[in-house]
Amino acid sequence: MAAVIIGVPITRCRGLARHPHPPPAMQEKYHPGEIEKSAQAHWDSTGAFRALEDPSKPKYYCLSMFPYPSGKLHMGHVRNYTIGDVLTRWHKMRGFNVLQPMGWDAFGLPAENAAMQNKVPPAQWTDDNIAYMKQQLMSLGFGLDWERELATCKPDYYQWNQWLFLRMLEKGIAYKKTQVVNWDPVDQTVLANEQVIEGRGWRTGAPVEKREIPGYYLAITQYADELLAALDTLPGWPERVKTMQANWIGKSFGVRFAFPYELDGKAEKLWVYTTRADTLMGVTFCAVAAEHPLATRAAQGNAALAAFIDECKHGSVMEADMATMEKKGMPTGIFVAHPLTGEKVEVWVGNYVLMGYGEGAVMAVPAHDERDFAFARKYGLAIKQVIDVPGKDYSLDAWQEWYADKEKGVCIASGKYDGLAYDAAIDAIAADLKAKDLGDKQVQYRLRDWGISRQRYWGCPIPLIHCDACGTVPVPDEQLPVVLPTDCVPDGSGNPLNKREDFLACTCPQCGKPARRETDTMDTFVDSSWYYARYCSAGNATVMVDERVKYWMPADQYIGGIEHAILHLLYSRFWTKVMRTLGLVQYDEPFANLLTQGMVLNHIFSRRTAKGGIEYFAPEEVELVRDEAGHVTGATLKADGSAIDYGGVGTMSKSKRNGVDPQSLIEQYGADTARFFMMFASPPEQTLEWSDSGVEGAYRFMKRVWSFGHALKAQAATGEAGSESTPLRREIHLLLKQANYDLGKLQFNTVASACMKMLNALEKAPADPHAREGFSILLRVLSPIAPHITHGLWLELGFGPDILAAPWPEPLEAALVQDEIELVLQVNGKHRGSLRVKVGADRTAIEAAALASEMAQKFMEGRPPKKVIVVPGRLVNIVA
RNA sequence: GCCGGGAUGGCGGAAUCGGUAGACGCAGCGGAUUCAAAAUCCGCCGCCGCAAGGUGUGUGGGUUCGAGUCCCACUCCCGGUACCA
């Protein structure tokens, strides 16, 4: 594996010496550079994080989402990988056999954009970025097993994408159909959704068109039900992620049925699907997509309709745009028959109906669907109320929520179905449709099959060959991998592979005649759908995954951004199930526990370009303009003072130029400070708005830890502490208890804060007989977050040879006992003071003490107590 | 639009089961040290008020002895929305 990775070589010292890099005599001042280099050399030479399968130990597979090699690490990476490293080190100290690997999600669009800008092949740009970022990861001291490193742009990885794709083709899981894409008519190229800005191409400013082209799909819908049901087997996943996935899969129970019609003398059926068959008697029109055959047929000899259909083909294909655009339509002049009444219903073409979704046609019930209501009002179409909720008045003036209510309504004006409620109405109507052979109940999913074809160069080639005689033919296994040439430089005018004769030319595996290679590449989500399993089979050139997967998978903890809550995580779950179907793995789900970290946000500044495109500015290039309340209202460019647009805060990204490079942080303060600050700043699941201040505080803390250690070493001769507990000891153990509780909740910010509190306590009682014990606890609790400084101090103070091998501390109950506690005193629910009582005091004693207290007397103002509430160990509330 | 989440001092955040709101830090202010500065150390620090006290967790209602926490209705912000990763 290492042979294909262009990265910083790791120097491996093969000696058996325990400390090949002994730190120099302890410095009084904190020098993170030396301390960190020495600790990292120690982990490297001892192979501390080299993971080997060891069935005798409980395993812990700690997996972080691998980065896209965009050039430099950003704060989101530092946050993500620090969380992973804290968990890795914490579990290691608790006796687990831990694997924490790292790799590179190395195919993708930004490499092509960089290539266009710098005229450097994406391969070279990517390799350079990987080398730089790898060195950054190493300088942060993450406990990674670099011998399992992988990069998805290398053939020894992506050949298995190709191999599995061919297996899916054999199983009917992969198949071909048309897809709708964004087309830039000027650059003559397919645009990603991200490259479409307000309906225009980002580089050319030209209005984007929709275009239908062939593509390959993976039948994720075959697994829809299992993907949904298995969410219940994932208690270690956040509820919000499971909810989002369930809604995305969108299982619905409805009715698929047809409107019969006759056209050109032939009997035809217009199929639709609805979850509101109970409103079928309220249908006043139907709407079909612009690409629907019925629309195409109607447009023949109808110039106005043809023009409208053409207009529908402009604009982006994004769901958000489709849902918010103005709904437009035009009648086709074709009528279909209502399946139950035989009444004539006109078919319209609607710009909001999508060919790719369901049947590409919908029934319209304006009275009980908000969108149909607006559409009918706009075009003066009939609105027929067929659901009534007792006590509510129906009006055509404006849409009311209750018009779509499924719970309380009953059918009216629906003939034999009058009086039936939702479920009963659907049962009856579905039965009648079935009897007429015009439809039946059907379970449907919102989830669509996964289109994996990309008309782009920098991706995994789809292993197919096009032969004039034999059609599309799979590349035989023995000819894999289909290797992507690494020297192309895209220029924005389409896939450069189409101009590469040496790539294109091949012979048909079936007939042996000259043929052409497929030039589409795979969606990069394919690459990221199984990399975590490949880590476990690192270096195996003969199979996709081997026996070692059984030991490590599923991952015990997966950590990554919340932005991947649906697509990446769902595709990975799907890929896992396909691999299981093919007998490659035994587990059903890849990730036992999931931590979705919040995104790191920063301000976004932009400006329109003359062409109509958009350019972004980095925060350091601009000056903020604030209003009186201190809120940011705009910005000016530092360079020339010109006004630019303030776009609020948003996720740090290369394309928006609002990323913060952690490099200067590391150089100025050291890795421990950077790591500690990231953990301290906020809880992992919350979004984090970037701010430079606060880092100083983390650095000050490191310096204080160091000097306390230095002072403690000097007075180490004070002898061992007795068993007698002191207030310091009680406080340290109390904080330890809290820290351990918070670690279990993955709430690292309060663990960091507990460490600070421990040091505050120690500094106030440096001569306490338990100071050494207290400091040893502090070092161990702090070590997963700030591993270098704690490693160094552990050695300096002679606590042991390696803090990583030290046992994780547990609070001693004996240290926690006390004989008096303080209760809060309230009168009528308001805080009025406090009360000291003996630990074992009973309710009556507490009540009596409370009533007798001066503050209670004052605020009761002579009224007799109506009630006294005692919350044991907490408070007394006198209601007077 | 739809789906998911969030909102607490000047700032990041804490508050485990409905029980002292603002732990721990940042910034700020005052002091010590210093020729001076940096660094370091000590103290103050939600808002109104001289104080007693009042008030306060995005907005408006509600439940409760007691609500940041539970319920209802909203506002704004963030993520996703299937070709950014």
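Details of the structure are given in the entry above.
Residues numbered from 1 in each chain as written. Chains lettered and ligands numbered in written order. Predicted model: local features only at pLDDT ≥ 70, side-chain atom pairs only at ≥ 80, totals over all residues. Heavy atoms only, no water.

Q: I tried to follow the sheet that holds strand β18 (residues 439–444) on my own but got confused; where do I start?
A: Sheet strands pair by backbone hydrogen bonding; their relative direction is either parallel or antiparallel. Spatially, the 3 strands line up as an open sheet ordered β11-β10-β18, and their pairing is antiparallel. The open sheet has two edge strands with one neighbour each: β11 (266–274) and β18. Taking each pair of neighbouring strands and ignoring which way they run, the sheet shows an average axis angle of 35°. Contacting β10 (252–263) and β18, helix α12 (residues 422–435) crosses the sheet at an angle of about 125° to β18. (Pairing = 2+ DSSP bridges. Helix = DSSP H or I, 4+ residues; strand = E, 2+ residues; numbered from the N terminus. Axes fitted to C-alpha atoms, helices over the stretch in contact; angles between N-to-C directions. Contact = heavy atoms within 4.5 Å.)

Q: Help me understand the packing of aromatic side chains, please; the structure alone is not making it clear to me.
A: The geometry of an aromatic ring pair is captured by two quantities: the separation of the ring centres and the angle between the planes. In the structure shown here, the tally under the stated rule is 44 aromatic pairs. Look at Tyr-81 and Phe-142: their rings are 6.3 Å apart centre to centre, the planes differ by 80°, and that puts the pair in the edge-to-face class. Pair noted here: Tyr-81 is in helix α2 (residues 75–93) and Phe-142 is in the loop between α4 (122–139) and β4 (150–151), with a separation of 61 residues, a long-range link. Accessibility assignment for this pair places Tyr-81 and Phe-142 in one class, buried. When the ring of Trp-794 is compared with that of Phe-799, the centres are 4.9 Å apart and the planes differ by 40°; the resulting orientation is tilted. For Trp-794, a relative accessible area of 5% gives the class buried. Given the relative accessible area of 22%, Phe-799 is considered partly exposed. Among the aromatic residues, those joined into a ring-pair cluster are Phe-66, Tyr-531, Tyr-532, Tyr-535, Tyr-558 and Phe-591. (Phe/Tyr/Trp six-rings, centres within 6.5 Å; stacked < 30°, edge-to-face > 60°. Buried < 20%, exposed > 50% of the residue type's maximum accessible area, 1.4 Å probe, protein only.)

Q: Is there a simple way to think about the protein's contact with RNA strand B in this case?
A: Taken together, 75 residues lie around RNA strand B, and Asp-105, Arg-456, Ala-681, Gln-738 and Asn-877 are the ones closest in. Restricting attention to atoms of RNA strand B within 4 Å of the protein, one finds that 64% of them are sugar or phosphate atoms. Take Glu-194: an N or O atom from its main chain is 2.8 Å from a phosphate oxygen of RNA strand B. The contact in question runs from a phosphate oxygen of RNA strand B to an N or O atom on the side chain of Arg-454, over 2.6 Å. Among the residues making up the surface near RNA strand B, the classes are represented as 28 nonpolar, 28 polar and 19 charged. (Near = heavy atom within 4 Å. Polar contact = N/O pair within 3.5 Å; in protein donor to acceptor, adjacent residues only side chain to side chain. Nonpolar A, V, L, I, M, F, W, Y, C, P; charged D, E, K, R; others polar.)

Q: Please explain the pattern of salt bridges as it appears in this structure.
A: Pairing between side chains of opposite charge can happen when the charged atoms of each approach one another. If you walk through the whole model with that rule in mind, you get 41 salt bridges. Its salt-bridge partner being Asp-278, residue Arg-276 comes within 3.0 Å of it at the nearest N-O pair. Judged by its relative accessible area of 11%, Arg-276 is buried. Linking Lys-378 and Glu-326 is a salt bridge whose minimum nitrogen-to-oxygen distance equals 2.5 Å. Taken together, the residues Lys-378 in helix α11 (residues 370–379) and Glu-326 in the loop between α10 (319–324) and β13 (329–337) connect sequence positions 52 residues apart. Classification of Lys-378 by relative accessible area gives partly exposed; the value is 38%. Via salt bridges that share partners, Glu-226, Arg-573, Lys-577, Arg-580, Asp-588 and Glu-589 belong to a single interconnected network. (Salt bridge = Lys/Arg side-chain N within 4 Å of Asp/Glu carboxyl O.)

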